[in-house]
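# Fold and geometry: a report
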2 protein chains.
Amino acid sequence: MVWKPPQGIFEPMTNLRLIVNLGAGVDSLVGRDDLPRNIPITRITDPQMSRMMAGYVLFAVLRHARDIPFFEQAQRSGEWTYRHPRSPEEITVAVLGLGQLGAKAAHELQRQGFRTLGWSRSLAQIDGVACFSGMDTLDSVIGQADIVVLMLPLTPQTKQLFDRERLKKMRPGAAFINVARGSLVSQAALTDLLKSGHIGAATLDVFEREPLPVGDALWSMPNVLITPHLASVAIPATSAKQIAANILRVAAGELPDNIIDPLRGIKPRQSPCMEPQLQHTEGATGMGGPSP
Amino acid sequence: MVWKPPQGIFEPMTNLRLIVNLGAGVDSLVGRDDLPRNIPITRITDPQMSRMMAGYVLFAVLRHARDIPFFEQAQRSGEWTYRHPRSPEEITVAVLGLGQLGAKAAHELQRQGFRTLGWSRSLAQIDGVACFSGMDTLDSVIGQADIVVLMLPLTPQTKQLFDRERLKKMRPGAAFINVARGSLVSQAALTDLLKSGHIGAATLDVFEREPLPVGDALWSMPNVLITPHLASVAIPATSAKQIAANILRVAAGELPDNIIDPLRGIKPRQSPCMEPQLQHTEGATGMGGPSP
C-alpha cells in the first residue's frame, strides 16, 4: 500500500501481487519506469470520498455564484453593499475532468440549477450537463464559464495545461476553483491574472508547492481563498474494506477492482451514481483519464 | 400588492378583493389591527425562491462544516495549517423552521450526508431528517447541533426567541446561521457569545437593524461572515405568474393559493417537493407557523 512511493522501492519486492494506491489521484504512479510488470495497481474510489469532494466543490461554486468574495471585501470596509443575487440558471459552471469525482460534482451542480458544462478527454454523458471532449473544445468551454472548476488528473499530458495563454481564455472576472493538482496550472500566471482582475476570484485547495510557501503572494490576495489540500480525503473506515476485498480477490486468483493503467492513467469506469456512458471520441488527447 | 405596508394604508380601499404579500416572509402583516376583514392575503411561495435559499444555506453549512472560518484565519496569518476534514455524518445540523424554505434546506442538507435535525411548531416529516416540535424540545435540539440554522418566521411569539439564555444552550464552539429575521435573536447576546468563542462562528444574512449600522462590532469579527439580506429573493419572472393566477382565481370567485392567516402566521401547507405530513401536536406553541 503506497502513497507517493520513492523511486526504486518496488525492486526488492519479488513476491509482490498487488499495489494499492492509498487515494484517488495516481499522478505519483503514472508514467514511472520502476513499476513491476503485470502487477495490478488499484486506487481508492470511494463514494464517500466523491461526496466529500462534491461538498467542497458545491461550497466553492456557491461561494462565487453568490458573490461572497465581493461581500467579504465589503465587510472588510464595514460597508453594507447590496448586489442582487443571480439565479443559478444565469450562471455557467464548467467542470473540467469528469471522472468519478468530477462527474459527481457536475451532477450536484446541475441539481442546484447551474448551467453546467463538462469537459473530459473521452466524452462523458451526465444528465443535465452539456459534455464536451477533446482539446479543440477546451478553450471554448473555458470561455463560456463564469466559474471554472479544475478536476482533471495530473499526467505528463495535463501538466501545466492551464498556462498563461489558456488562463487568459477565461471570461474577464470569472472565478477559478482548483481541487485537483497545483501542477495543472501555471501558478505565476494565475497569480498575475488574479492581481489584474482578469480572473475575478479563486478558491484554491492545491498548489505547485505544498505547503504553499510563507510569503507567497496568494496568501494575502483579498480575492483568493486558500485551503490546505483537503477538498477530499481517503476515509479509512470505507477505504480499508475496499482494500481488504481487493486483497481477497487477488489471493483467490481474481483481478482486483479499480485497476489503473500506469501508462496512461485511469481506466474509464462506470460511475454507480450517474452511469455516464463514457465513449472514446476521435481526437482523444492522450490525457491521463477522466478522473482526477 | 404590498411589501411592509404602512399602518392604515388599506382603510380607503373599499373595493379590495386580494392582498398580495410580495415575498415569503409575512412578518409585516402578522398581528396587525388594520387589515380589512375577510380579504384573502397571499404570499409568494416559489420553488425557485426555495432553491435559492437552500443554495445559500448549503453554502453556509458547508462553510462551517469544512472549517472555512478556521482556514480564513490561517490565511490571514499566512500559515498553512491543516485540520483534517470531518465526514458529514459526524456533523449535526439543526434546521429551526420547516416551512417550504426550511424543509427544502433540510432535505438538501441530509442529502449531503449531514446528521440533520429539524424543529418546527407543528411536527413535520421529512425523509432523512429527525424532526421535533414544541418548545419543550427546542433547547435539546439546539444543544445537539454543531451548526444551527435559523429559518423560523418572525411573529410576536418568535421575536427574541433566541435570547442570551437560549443561545447559551448551543454547544461550545458551534456555528450559527441566520437567514430568517434579525429580530428572532438578541443581537447583543449573539455578539458577546461570538466574542467569547462560546459560539464559534456565524454566517449572518439578517440583523436587528438593516442595513447593519456602520461601526457595529459584528463587522470586524474574524469569525463572522456578513451578507446584506439576500439569502433568497422574490424572482419577478416566476412571482408574476403566481400573482396573475391568483388574481384570476379571485376574479372567478375562487379562493387564491398560498393564503396566510394574519392572526397566527402561515398555514401549514403540503410542500410539493418532500410532502411533509404536517401534524399539529399537543403543546403547540402558537408560533407564527412552520415557514420563514
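Residues numbered from 1 in each chain as written. Chains lettered and ligands numbered in written order. Predicted model: local features only at pLDDT ≥ 70, side-chain atom pairs only at ≥ 80, totals over all residues. Heavy atoms only, no water.

On to helix α6 (residues 187-196) of chain B. Since the α-helix packs 3.6 residues into each turn, any two residues three or four apart lie on the same face. Residue and element names in this part refer to chain B. Restricting attention to buried positions, one finds in α6 the residues Gln-187, Ala-189, Leu-190, Thr-191, Leu-193 and Leu-194. On its buried side, α6 packs onto α5 (164-167), β7 (174-178), β8 (199-204) and β9 (224-226). At the exit of α6 stands Gly-197, carrying a positive phi of roughly 90°. (Buried < 20%, exposed > 50% of the residue type's maximum accessible area, 1.4 Å probe, protein only. Helix = DSSP H or I, 4+ residues; strand = E, 2+ residues; numbered from the N terminus. Contact = heavy atoms within 4.5 Å.)

Turning next to the packing of aromatic side chains. Evaluated as defined, the whole model comprises 7 aromatic pairs over all chains. Between the aromatic rings of Trp-80 of chain A and Phe-207 of chain B, the centroid separation amounts to 5.7 Å while the plane-to-plane angle is 75°, which identifies the pairing as edge-to-face. Taken together, the positions of Trp-80 of chain A in the loop between α2 (68-76) and β3 (92-96) and Phe-207 of chain B in the loop between β8 and β9 put the pair across two chains. Through pairs of rings, three or more aromatic residues link up here, namely Tyr-56 and Phe-59 of chain A together with Tyr-56 and Phe-59 of chain B. (Phe/Tyr/Trp six-rings, centres within 6.5 Å; stacked < 30°, edge-to-face > 60°.)

A few words on the pairing of strand β3 (residues 92-96) of chain B. Along any regular strand the residues' side chains alternate between the sheet's two faces. Residues and elements named next belong to chain B. Counting buried positions along β3 gives 5 out of 5 residues, so the element sits mostly inside the fold. Side-chain alternation along β3 places Thr-92, Ala-94 and Leu-96 on one buried face and Val-93 and Val-95 on a second face that is also buried. As paired strands, β3 and strand β6 (residues 147-150) are joined by 4 bridges and run parallel to one another. Considered in β6, the bridge of Val-93 is made with Ile-147. (Pairing = 2+ DSSP bridges.)

Time to look at the sheet that holds strand β4 (residues 115-120) of chain A. Residues and elements named next belong to chain A. Reading across the sheet, the 7 strands line up as β5-β4-β3-β6-β7-β8-β9 and stay open at both edges, with parallel pairing between neighbours. The sheet terminates laterally at β5 (129-133) and β9 (224-226), the two strands that pair on one side only. The sheet shows a mean angle of 15° between the axes of neighbouring strands, direction not considered. Pairing analysis gives 4 bridges linking strand β6 (residues 147-150) to strand β7 (residues 174-178), with the strands arranged parallel. Residue pairing for β7: Val-149 is matched across the bridge by Ile-177. (Axes fitted to C-alpha atoms, helices over the stretch in contact; angles between N-to-C directions.)

Time to look at the interface of chain B and chain A. At the junction of the two partners, chain B supplies 49 residues and chain A supplies 49 residues. When the two sides are added together, the surface that chain B and chain A hide from each other amounts to roughly 4200 Å², 64% of it contributed by carbon and sulfur. Of all residues in chain B, Gln-75, Trp-80 and Trp-219 of chain B bury the most surface against chain A, accounting for 20% of the area lost on that side. On the surface where chain B and chain A come into contact, there are 4 salt bridges. The partner of Glu-89 of chain B in a salt bridge is Arg-51 of chain A, and the shortest N-O contact between them spans 2.4 Å. Where chain B meets chain A, there are 20 residue pairs in polar contact (both at pLDDT 80 or more). For the side of chain B that touches chain A, the secondary structure elements donating two or more residues are α1 (47-65), α2 (68-76), α3 (100-111) and β9 of chain B. Ranked by residue count, the leading element in the side of chain B that touches chain A is α1 of chain B, at 9 residues. Of the residues in the side of chain B that touches chain A, the class split is 25 nonpolar, 13 polar and 11 charged. (Buried area = accessible area lost by both parts, 1.4 Å probe. Salt bridge = Lys/Arg side-chain N within 4 Å of Asp/Glu carboxyl O. Polar contact = N/O pair within 3.5 Å; in protein donor to acceptor, adjacent residues only side chain to side chain. Nonpolar A, V, L, I, M, F, W, Y, C, P; charged D, E, K, R; others polar.)

On the secondary structure map, Asp-67 of chain A appears in the loop between α1 (47-65) and α2. Not counting residues within four places of it along the chain, the set of residues in contact with Asp-67 of chain A comprises Arg-83 and Arg-86 of chain A.

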